[in-house]
Amino acid sequence: SWSVPHDIQDPTLLEAIMDSWPNISLPGAHIEDSTPELDISSSQPEDATSRGGLSRDPRHGSMGTGDDLAEYDRLVAERMIEAFGVTTLPMEVVVKMATRVRIAVNEEKAERRSLRAQQAASGASRPQEGGRASRNRGSRAKPRKVEKTVEPPPPTVVKIRPAWERWLEEMYSDDVYALERWGNQLYRENHDVEGATRILNRVLSLDPAAIWTAVLPKEKLTRGDLTAAGIDIAYLDEYFKQNALDGGFSRFLAAIDPADYKSVFGTDTPKQEDFKGIYTLDDFLNRTGNYKPVSRDGRLAAARALTHLGEMELEYWDRIVEAEKCFTRAISLVPNHPDALCGWASAVEQVGERLSDGAEVEVGGGQFWSREDFFDKAEELINQAGHADPDRTQTLVTHALLMIRRRGDLPLARELLQLALELDSDSADVQYAWGVLFTSSVPIANNEEDGLDLAREALNLHRKALQINPAHLPAIRMLAAHYQRDGRPSEAESLYRTALALHPSRPPLLWRLGFMGEASGHPDEARDLYTQALKADPQHLPALICAAHMAHSQGGPADFGLPDELPGPPPFGELPELPGQHPTPNAKGVYKLYARALSVDPHNVEALANLGLLLHESFNNSQLAMKALTQAVEISPLHAPALCNLGSVLAASPDTGKEAEQALERAVGAAPENVAALCNLALVRAVSGAFLPAQDLVLKAMRIAPESELVMRASDSIYKLAAQAAPQEYEKLITRA
């Protein structure tokens, strides 16, 4: 039960309280509900005190006409006036509250019904223990027929959206700045991506050009402030005793005079870990207490919301294109917004980072950019953000990382990070950036001992970043790479697992864990993780390419839970049926995975290179294979796998042997230790009669990968060709070997 003080006359506050009246539950609590749902088929509104009349539809209902619903809400409103003694509010305000109550109840009932139906359906199809249905045998002497009984499904545990969340959302409905802060806190502090996305999109649904009331935070509220605002102190104390949350709990304590601790909590030293609940207490107290409202338009709040969404797209989902759209929209609202400029710079830098040397992509207007062009653009955006706000921690960190990675200007990076450290020493981004600086300083250390000290300090800084934020993906990558080089793969995996506990559906984490599982010889686990990543985001490019590559190279089903239909037309049109073409189901599935990857990024070199090889080997379609591989090499002229596959396809035709050799020579030049390129070039040269140079290439590949089956097959093929075509050359090969 929840008592509401009768002396509150603020309509906005009372509406917020009434919105959560039907079902107050602790935040994050689970409601055990196994009661069968009532089938309400009556089209007439029942008495307000009964359960009847609540519609099946989560929002408006199907129980009758709009007049019926209005009459029902008016009945509930009359009961609310009687129960709460509200006599000074207009009747239409109370009716509006009653409508909210009905909609809120129906939303929760519909959510329970849907989840319960899903679990019941899955339970009904699940075989009993042992794989057989149990059977009552009766007595041996006289068997009797027993009708089969279906065990009822276990009680459903349904997670319901806490009432306080709707309450705060309604309370903030006239303050876009409070909504924006709340959405950012949900992501940064509570790792709640879904909730943050919902709240931030609500900000964007409001008119940014309108004038909104924003609340200026007050440092400390006393009990006298709250009493003067008409808030019942006993009610407030009891509510916050149940619902105070980590960071918000500290702010709540700051709002209470130390002399009142004992009367509020029954102890002189309240323990923070004993309390759970909402953490936006500072906003709540300011809203209901002695706050100072100011009027401003909503453009800045909308720009901040777009920036937060862009950061989530970039960090959580790994979707660069969507992130850039959010950042550019934010800048269109507030042209020099430093956080939006900073985020856009990070996105642009990541595009350049993913391009290989010599690669260029079209950026519009007939322009093609290389890696350096993207890095120049990122630096331009960072400088613009620095001019807008030179003392912003994120701007300093992003600028420093760009100087370290792309320009090698370590002294400037150190100056920037020193300023960032003075501004915010508890930032995970700051600690991580210092770790990157120390790692980059190792090669130029005065001596080996100094270099080891720098490396150790860098690892400690990355660990400190993860203590602050266990889901900080860049720090995880750096520390995991160290553990893998050090022969400690289990510790690298545990870093990703810890982050996954906070973000169970984060595609980059699932993909990287899958990649590690595949590399360590656990294909089933890798397949499951790739499937989870693609379930969370069917367009996650690294997961698509890794899943396709695993199915392509290892065989097995290419089913990763994706629909059969492609999101768009195939990259090179419908595949024609050609003579001698007998693609397996695996090949068809792999083709769809590569096609899906190219629908996300038509210029992805890995997808084009692998697709070209698949079209040649499994579909007997050299024409389309050449088209895919030529396009890959045009995008990235030094991409060794694409050049290697192009050489293999050209080598299959007797008329293009010279072109094949040239392509493979370029592949070896771009990646001198690429075993596949060395072996393929050796075979092409052996076919042309150059057996000794071919043997040199195979011996080089053997030194790189002594146990490679590819190297052994290439060596055997060269010896057989020499024995058949040139016995004297064969003898020389044997002698040299």
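Everything quoted here is computed from the prediction, not taken from an experiment.

1. Comments concerning the overall build of the protein chain
Right, on to step 1. From N to C terminus, the protein chain includes 33 helices and six strands.
Right, on to step 2. Each of the 737 residues in the protein chain was classed as buried or not, and the buried ones make up 45%.
Right, on to step 3. Here the analysis covers contacts within the protein chain between residues at least 6 apart in sequence; of these, 63% occur between residues at least 24 apart.
Right, on to step 4. Counting every atom, the protein chain has about 37600 Å² of accessible surface; 51% of that belongs to carbon and sulfur.

2. Side note on the pairing of strand β5 (residues 361-364)
Right, on to step 1. Here β5 pairs with strand β6 (residues 367-369) via three bridges, running antiparallel. Paired with Glu 362 across the strands is Phe 368, a residue of β6.
Right, on to step 2. Where β5 hands over to β6, the hairpin turn is made up of two residues, of which Gly 365 adopts a positive phi near 65 degrees.

3. Looking at the nonpolar core
Right, on to step 1. The biggest cluster of nonpolar side chains holds 136 residues, and the ones touching the most others in it are Leu 437, Tyr 496, Tyr 530, Phe 560, Leu 611, Leu 614 and Ile 718.
Right, on to step 2. Sorting elements by how many residues they give to this core places helix α24 (residues 541-554) first, with nine residues.
Right, on to step 3. Among all residues touching Ile 718, those that are not within four sequence positions of it are Ala 682, Leu 683, Ala 686, Phe 691, Ala 694, Val 698 and Leu 733.
Right, on to step 4. Ranked by size, the runner-up nonpolar core spans 18 residues in total, among them Ala 196, Leu 309, Tyr 316 and Cys 326.

4. Remarks on the packing of helix α21 (residues 489-502) against helix α22 (residues 507-519)
Right, on to step 1. At a minimum axis separation of 10 Å, α21 and α22 run at an interaxial angle of 160 degrees. Taken together, α21 and α22 sit at an angle that is classed as roughly antiparallel. Here the hand of the crossing between α21 and α22 comes out left-handed. Contact residues: Pro 489, Ala 492, Glu 493, Tyr 496, Arg 497, Ala 499 and Leu 500 in α21; Leu 509, Leu 510, Arg 512, Leu 513 and Met 516 in α22.
Right, on to step 2. Of the residues contributing to the contact of α21 with α22, the split by class is nine nonpolar, no polar and three charged.

5. So, the packing of helix α31 (residues 691-704) against helix α32 (residues 709-725)
Right, on to step 1. Remark: α31 packs on α32, axes separated minimally by 10 Å, with the N-to-C direction vectors making an angle of 165 degrees. With respect to α32, the element α31 is oriented roughly antiparallel. Considering how the two elements wind past one another, α31 and α32 form a crossing that is left-handed. Along its contact with α31, which presents Phe 691, Ala 694, Gln 695, Val 698, Ala 701 and Met 702, the element α32 presents Val 711, Ala 714, Ser 715, Ile 718, Tyr 719, Leu 721, Ala 722 and Ala 725.

6. Some words on unusual backbone geometry
Right, on to step 1. Despite not being glycine, His 191 shows a phi value in the positive range, around 55 degrees.
Right, on to step 2. Along the polypeptide, His 191 turns up in the loop between α5 (176-188) and α6 (193-205).
Right, on to step 3. Positive phi, close to 65 degrees, is recorded for Asp 318, a residue that is not glycine.
Right, on to step 4. Inspection of the secondary structure assignment puts Asp 318 in the loop between α12 (299-317) and α13 (320-333).

7. Here we look at the pattern of salt bridges
Where charged atoms from two side chains of opposite charge approach closely, those side chains can pair.
Right, on to step 1. Applying the stated criterion across every chain, the model contains 24 salt bridges.
Right, on to step 2. For Glu 353, the salt bridge goes to Arg 406, with nearest N and O atoms at 3.3 Å. Of this pair, Glu 353 sits in helix α14 (residues 338-354) while Arg 406 sits in helix α16 (residues 393-407), placing them 53 residues apart in sequence.
Right, on to step 3. Residue Arg 406 is classed as buried on the basis of its relative accessible area, which comes to 19%.
Right, on to step 4. Linking Asp 453 and Arg 456 is a salt bridge whose minimum nitrogen-to-oxygen distance equals 2.5 Å. In this pair, Asp 453 and Arg 456 are both assigned in helix α19 (residues 448-468), three residues apart and thus about one turn of the helix distant.
Right, on to step 5. Look at Asp 453 and you get partly exposed, because its relative accessible area is 37%.
Right, on to step 6. A relative accessible area of 47% places Arg 456 in the partly exposed class.

8. Details of the environment of Ser 520
Right, on to step 1. Position of Ser 520 among the secondary structure elements: in the loop between α22 and α23 (523-536).
Right, on to step 2. A relative accessible area of 46% places Ser 520 in the partly exposed class.
Right, on to step 3. In this structure the side chain of Ser 520 is engaged in a polar contact, spanning 3.0 Å, whose partner is the backbone oxygen of Met 516.

9. Focus on the packing of aromatic side chains
Right, on to step 1. Under the defined criterion, the tally for this structure stands at five aromatic pairs.
Right, on to step 2. Arranged with centres 6.3 Å apart and planes meeting at 85 degrees, the rings of Tyr 719 and Tyr 730 form a pair that is edge-to-face. Of this pair, Tyr 719 sits in helix α32 while Tyr 730 is found in helix α33 (residues 727-736), placing the two residues 11 residues apart along the sequence.
Right, on to step 3. Of the residues examined, Tyr 719 reaches a relative accessible area of 21% and is grouped as partly exposed.

10. Some remarks on helix α20 (residues 473-485)
Right, on to step 1. When the terminal C-alpha atoms of α20 are compared, their 18 Å separation across 13 residues agrees well with the 18 Å that a helix rising 1.5 Å per residue should span.
Right, on to step 2. Packed against the buried residues of α20 are α18 (428-441), α19, α21 and α22.
Right, on to step 3. Once α20 ends, the next one or two residues include Gly 487, with phi positive near 75 degrees.

11. Observations regarding the environment of Leu 186
Right, on to step 1. As for its placement among the helices and strands, Leu 186 is situated in helix α5.
Right, on to step 2. Taking the relative accessible area as the measure of exposure, Leu 186 reaches 1% and is therefore buried.

12. Concerning the environment of Gly 435
Right, on to step 1. Mapping Gly 435 onto the fold places it in helix α18.
Right, on to step 2. By relative accessible area, which is 0% here, Gly 435 ends up buried.
Right, on to step 3. For the pair Gly 435 and His 462, spaced 27 residues apart in sequence, the C-alpha to C-alpha distance is 5.9 Å.
Right, on to step 4. Setting aside anything within four residues of it in sequence, one finds Gly 435 in contact with Ala 458, Leu 461 and His 462.

13. What about the state of the cysteines?
Right, on to step 1. The final tally for this structure, using the stated rule, is zero disulfides.
Right, on to step 2. Take Cys 679: it sits in no disulfide, and the sulfur closest to it among the cysteines is that of Cys 644, at 8.9 Å.
Right, on to step 3. What makes Cys 679 buried here is its relative accessible area of 1%.

14. Examining α5
Each turn of an α-helix holds 3.6 residues, which means side chains three or four residues apart point in the same direction.
Right, on to step 1. In this model, α5 (13 residues) spans 18 Å end to end at C-alpha, consistent with the 18 Å of a helix rising 1.5 Å per residue.
Right, on to step 2. Of all the residues in α5, the buried ones are Val 176, Tyr 177, Ala 178, Leu 179, Glu 180, Trp 182, Gly 183, Gln 185, Leu 186 and Tyr 187.

15. As for the side chain of Arg 506
Right, on to step 1. When you line up the elements, Arg 506 lands in the loop between α21 and α22.
Right, on to step 2. Summary of buried charges: Arg 506 has no salt-bridge partner, and the nearest side chain of opposite charge, Glu 315, is 5.6 Å away.
Right, on to step 3. Here the side chain of Arg 506 touches Ala 471 through a polar contact of 2.9 Å, landing on its backbone oxygen.
Right, on to step 4. Among all residues touching Arg 506, those that are not within four sequence positions of it are Glu 315, Tyr 316, Ala 471 and Leu 473.

16. With respect to the side chain of Gln 431
Right, on to step 1. Tracing the backbone shows Gln 431 in helix α18.
Right, on to step 2. In terms of polar contacts, Gln 431 uses its side chain to reach the backbone carbonyl oxygen of Ser 425, at 2.9 Å.

17. Quick word on the confidence of the model for the protein chain
Right, on to step 1. On average, the protein chain scores 75 in pLDDT, and the residues at 70 or more come to 64%.
Right, on to step 2. Across residues 269-293, confidence stays below pLDDT 50; counting only partners more than four residues off in sequence or on other chains, it has 86 contacts.

About the criteria used
- Residues numbered from 1 in each chain as written.
- Predicted model: local features only at pLDDT ≥ 70, side-chain atom pairs only at ≥ 80, totals over all residues.
- Heavy atoms only, no water.
- Helix = DSSP H or I, 4+ residues; strand = E, 2+ residues; numbered from the N terminus.
- Buried < 20%, exposed > 50% of the residue type's maximum accessible area, 1.4 Å probe, protein only.
- Contact = heavy atoms within 4.5 Å.
- Areas by Shrake-Rupley, 256 points an atom, 1.4 Å probe, with all protein chains shown as cover.
- Pairing = 2+ DSSP bridges.
- Core = buried A, V, L, I, M, F, W, Y, C linked by side-chain atoms within 4.5 Å.
- Axes fitted to C-alpha atoms, helices over the stretch in contact; angles between N-to-C directions.
- Parallel < 35°, antiparallel > 145°, perpendicular 65-115°, else oblique.
- Left-handed = near helix turned anticlockwise from the far one by under 90°.
- Nonpolar A, V, L, I, M, F, W, Y, C, P; charged D, E, K, R; others polar.
- Salt bridge = Lys/Arg side-chain N within 4 Å of Asp/Glu carboxyl O.
- Polar contact = N/O pair within 3.5 Å; in protein donor to acceptor, adjacent residues only side chain to side chain.
- Phe/Tyr/Trp six-rings, centres within 6.5 Å; stacked < 30°, edge-to-face > 60°.
- Expected span 1.5 Å × (residues − 1).
- Disulfide = S-S within 2.5 Å.
- Lys, Arg positive; Asp, Glu negative; His and termini not counted.
- pLDDT = per-residue confidence, 0-100.

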